[in-house]
Amino acid sequence: MNTHVKKWVDEIAALTTPDRVVWCDGSEEERARLTEEAVKTGVLMPLNQEKMPGCYLHRSDSSDVARTEHLTFICSPKEEEAGPTNNWMSPADADKKVLPLFKGAMKGRTMYVVPFLMGPVGSKFSKVGVEITDSVYVVINMRIMTRMGQVALDHLGSGEEFTRCLHSLGDLSPDRRFICHFPQKNEIWSVGSGYGGNALLGKKCLALRIASTLGQRQGWLAEHMLILGVKTPAGKMHYVTGAFPSACGKTNLAMLVPPASMPGWEITTVGDDIAWLHPGDDGRLWAINPEAGFFGVAPGTSMKTNPNAMRTIRTNTIFTNVALKPDGTVWWEGHDDPPVEGMLDWQGKPWDPKSGDKAAHPNSRFTAPAAQCPCISPEFTNPNGVPISAILFGARRQRRVPLVFQAETWQHGTFLGATLASETTAAATGKVGVLRRDSMAMQPFCGYNMGDYLSHWLEVGQKLTKPPGIFRVNWFRTDPDGKFIWPGFGDNLRVLKWVLERCDGGGKAVKTAIGWVPTADAIDLDGAAIERKQVEELLEVDAADWHEALELQKEYFEKFGSHTPGGMWKEHNELAKRVAA
Ligand code: OXD
Ligand code: MN
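Sequence order sets the numbering: in each chain, residues are counted from 1 along the sequence as written. All chains are assigned letters beginning with A, and all ligands numbers beginning with 1, in the order in which they are written. The predicted origin of the model limits local features to residues at a pLDDT of at least 70 and limits the giving and counting of side-chain atom pairs to 80 or more, whereas totals for whole chains, interfaces and linings rest on all residues. Only hydrogens and water are set aside; all other atoms, that is, all heavy atoms of the structure, feed into the side-chain values.

Asker: How would you summarise the overall build of the protein if you had to cite specific residues and measurements?
Answerer: Where helices and strands are cited, they refer to DSSP runs of H or I of at least four residues and of E of at least two residues respectively, numbered from the N terminus. When helices and strands are counted, the protein shows 17 helices and 30 strands. Two things to know: the radius of gyration comes from C-alpha atoms, and the globule rule equals 2.2 Å times the number of residues to the power 0.38. What you see for the protein is a C-alpha radius of gyration of 23 Å, in line with the 25 Å of a compact globule of 581 residues. By principal-axis analysis of the C-alpha atoms, the protein measures approximately 70 × 55 × 45 Å. The proportion of buried residues among the 581 residues of the protein is 61%. By sequence separation, contacts in the protein at least 24 residues apart represent 72% of the contacts at least 6 residues apart. Counting only carbon and sulfur atoms, one obtains 52% of the accessible surface of the protein, whose full area is about 22000 Å². Per-residue accessibility, obtained with a 1.4 Å probe over protein chains only, is compared with the maximum for each type, and a residue is labelled buried under 20%, exposed over 50%, and partly exposed between these values. In this analysis, two residues are considered to be in contact whenever any of their non-hydrogen atoms come within 4.5 Å of each other. Residue burial considers only the protein chains on display, and all accessible areas are found by Shrake-Rupley using a 1.4 Å probe.

Asker: Quick one: what's the story with the site of ligand 1, residue by residue and with numbers?
Answerer: In the region of ligand 1, the neighbouring residues are Arg 67, Lys 203, Lys 204, His 224, Ser 246, Asp 273, Phe 295, Arg 365, Ala 427 and Phe 445. Counted as a polar contact is a pair of N or O atoms within 3.5 Å, where, for protein atoms, one must be capable of donating a hydrogen and the other of accepting one, and residues adjacent in sequence contribute only when both atoms are in side chains. At 2.9 Å, a side-chain N or O of Lys 204 approaches an oxygen atom of ligand 1. Between an oxygen atom of ligand 1 and a side-chain N or O atom of His 224, the distance comes to 3.3 Å. For ligand 1, whose free accessible area comes to 210 Å², the fraction covered by protein is 96%. When at least one non-hydrogen atom of a residue lies within 4 Å of a molecule or strand, that residue is treated as near it.

Asker: Requested: an account of the packing of helix 16 (residues 545-559) against helix 17 (residues 566-580), with residues and values cited.
Answerer: Contact geometry for helix 16 and helix 17: axes closest at 11 Å, N-to-C directions at 165°. Relative to helix 17, the element helix 16 is oriented roughly antiparallel. In the crossing of helix 16 with helix 17, the sense of the turn from one axis to the other is left-handed. Residues Trp 546, His 547, Leu 550, Gln 553, Lys 554, Phe 557 and Glu 558 of helix 16 form the contact with helix 17, whose participating residues are Met 568, Trp 569, His 572, Leu 575, Ala 576 and Val 579. All axes here are fitted lines through C-alpha atoms, helices being fitted over the stretch that makes contact, and every angle between N-to-C directions spans 0 to 180 degrees. With respect to orientation, any angle under 35 degrees is reported as roughly parallel, any angle over 145 as roughly antiparallel, any angle of 65 to 115 as roughly perpendicular, and every other angle as oblique. By the definition used in this description, the sense in which the near helix is turned from the far one sets the handedness, with an anticlockwise turn below a right angle giving left-handed and a clockwise turn giving right-handed.

Asker: Residue-level account of the sheet that holds strand 18 (residues 293-297), with values.
Answerer: Two strands qualify as a pair provided that DSSP identifies no fewer than 2 bridges between them. The sheet built from five strands is open, its strands ordered 2-3-19-22-18 with mixed pairing. Edge strands, defined here as strands with exactly one partner in the open sheet, are strand 2 (45-46) and strand 18. Summarising the sheet, strand 18 and strand 22 (residues 365-369) pair through five bridges and their orientation is antiparallel. Within the sheet, the bridge partner assigned to Gly 296 lies in strand 22 and is Phe 366.

Asker: Help me get a handle on helix 2 (residues 28-40), residues and values and all.
Answerer: The periodicity of an α-helix, 3.6 residues per turn, causes residues three or four places apart in sequence to face the same way. For helix 2, built from 13 residues, the straight-helix expectation of 18 Å at 1.5 Å per residue is met to within 8% by its first-to-last C-alpha distance of 18 Å. Burial in helix 2 covers these residues: Glu 30, Leu 34, Thr 35 and Ala 38. Summarising the axial view, the buried residues of helix 2 lie within an arc of 130°, below the 170-degree limit, and thus occupy one face. Tucked inside the fold, the buried residues of helix 2 contact strand 1 (20-23), strand 3 (56-58), strand 6 (110-118), helix 6 (136-145) and strand 8 (147-148). Of the residues trailing helix 2, Gly 42 is marked for its positive phi of about 80°. Expected helix span is taken as 1.5 Å per residue step, with the number of steps being one fewer than the number of residues. The arc under discussion is defined with respect to the helix axis, by the directions toward the C-beta atoms.

Asker: I'd like to hear about the pattern of salt bridges, residue by residue, with values.
Answerer: One side-chain nitrogen of Lys or Arg within 4 Å of one carboxyl oxygen of Asp or Glu is enough to make a salt bridge. Scanning the model with the defined rule gives 29 salt bridges in all. For Asp 273, the salt bridge goes to Lys 204, with nearest N and O atoms at 2.8 Å. Residue Asp 273 is found in the loop between strand 15 (266-271) and strand 16 (275-279), and its partner Lys 204 is found in helix 9 (residues 202-218); the two are separated by 69 residues along the sequence. Pair check on accessibility: Asp 273 and Lys 204 agree, each one buried. One salt bridge in this structure joins Lys 570 and Glu 574, with 3.8 Å as the shortest N-O distance. Of the two residues, Lys 570 and Glu 574 both sit in helix 17, four residues apart, roughly one turn of that helix. Here the residues in one salt-bridge network are Lys 203, Lys 204, Lys 250, Asp 273 and Glu 291, joined through shared partners.

Asker: Give a description of helix 17 that names residues and reports values.
Answerer: The end-to-end C-alpha distance of helix 17, which contains 15 residues, comes to 21 Å, matching closely the 21 Å that a straight helix rising 1.5 Å per residue would cover. Among the residues of helix 17, Gly 567, Met 568, Glu 571, His 572, Leu 575 and Val 579 are the ones counted as buried. An end-on view of helix 17 places all buried positions within 140° of arc, on one side of the element. Structural note: helix 17 exposes Gly 566, Lys 577 and Ala 580 on the side pointing more than 90 degrees away from its buried face. Contacts made by the buried residues of helix 17 are with helix 12 (410-418), helix 13 (450-462) and helix 16.

Here it is as structure tokens:
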């Protein structure tokens, strides 16, 4: 037993006073036992075991259905270290305000100790966490989302370097809900929520917020990015990462199925949400996926939009807040099957299709093992990761932003990521559809001052002699009737094809004020259900449109004061000159 882990667990047990302490080893026997317990206590409901073996439904508290960004804090010693885009709480205030919520919080409950590994087994890039939680739902989900149990303790050995992740459901009241991150002491406290992004502490809290600070100190990047492999018909293998805000199609893009009209292309999935990026000795950028599962948005997932996800979630999957059919299977808005009589909604109430209410919560989720994905990459478990040819930055934008364009340099690409803005989704509480700044899709997940984060991006770029190409994409432009113009999904491969041609020194493009834009004939539309004329529209750059964007970018960079790197101002000023010209 690692003495540092043991000591911390003893301290937390003394603080939270659970009835019993259970150390989790990650075994199949343990999974079966904990699942049985969760069924007995009503935390999980078995689904139809013939049609969906190993699948369960969880219904959360109705006030606990998404990430709560306003209750999420970075507890660095100085406010400036957290920066203007994070909520900050001093460590002393956290001790006063949040720590007492853990006092006696596990009385009458079981305290589970969950050692977990983020990243492939045997990788020097992987990190160990230990989550202490009083939620059996969290334990069962952590077993899917991470490499849990002995494997993590083996990786840690006798060392002291692990993230201390303390979680309690508390009383689930949003008034007593806090998600606190302590980058200096490598610690996370989460109380009052059982929702994935707030409670599965390996995911957003460790693999993004804490990891981003480790990356800053150690010279790498923790990013909100999918990783996919693309094999061209000529047999050339490329890996691409893509940063998109929550619920903007990362899982769908990561599991893309090439359209029938593009034979010979092959897509494999390395990750759908998080990438840890390291500059390699060869001057390239290398990526690992720290996660072992998918925590995907259910609504909109179907055999049409994402057949690989649908096949992944047929077995051994935990569904949260989806609708239940009378035959014990599940349903959500956008499912292939039509809704049936007698369904229960996500809160377990009879659902009336005429009511206009959603049957599944818009942020209902599936938690599924990545290894079950039919297109999982053989490199998913490679300790070295995969070398990256291209980075995409995408967001949900109804207007202005073209389908795709390429940055000129790493610095320009960093600027394209930094100025990303997207319409909000149901993945976080708050209004949906409001345009907000979301640099690198990391605004809610960066554990330190985002001005310094942008500097760090530039520093990492300096270490790359063969940097990936950087591209902005936008699948979400709409017509005057509000309908998406670009078909998306499998057809996104047409954009990827141009992207990779550019990375290989080909691909026709014109230089515009904002970057390299494909010529209208450069995108392969063979067999696509979209007219060339529409694609021309999607590629249009109207310089006048960018005047307003420039104003907003300026305001944004000013927020960070002296922390905004000079390189970002340089890109901003050059864009202003080009737009004016
Ligand atoms: C997620 C999110 O759950 O981004 O991945 O909210
Ligand atoms: Mn995410």
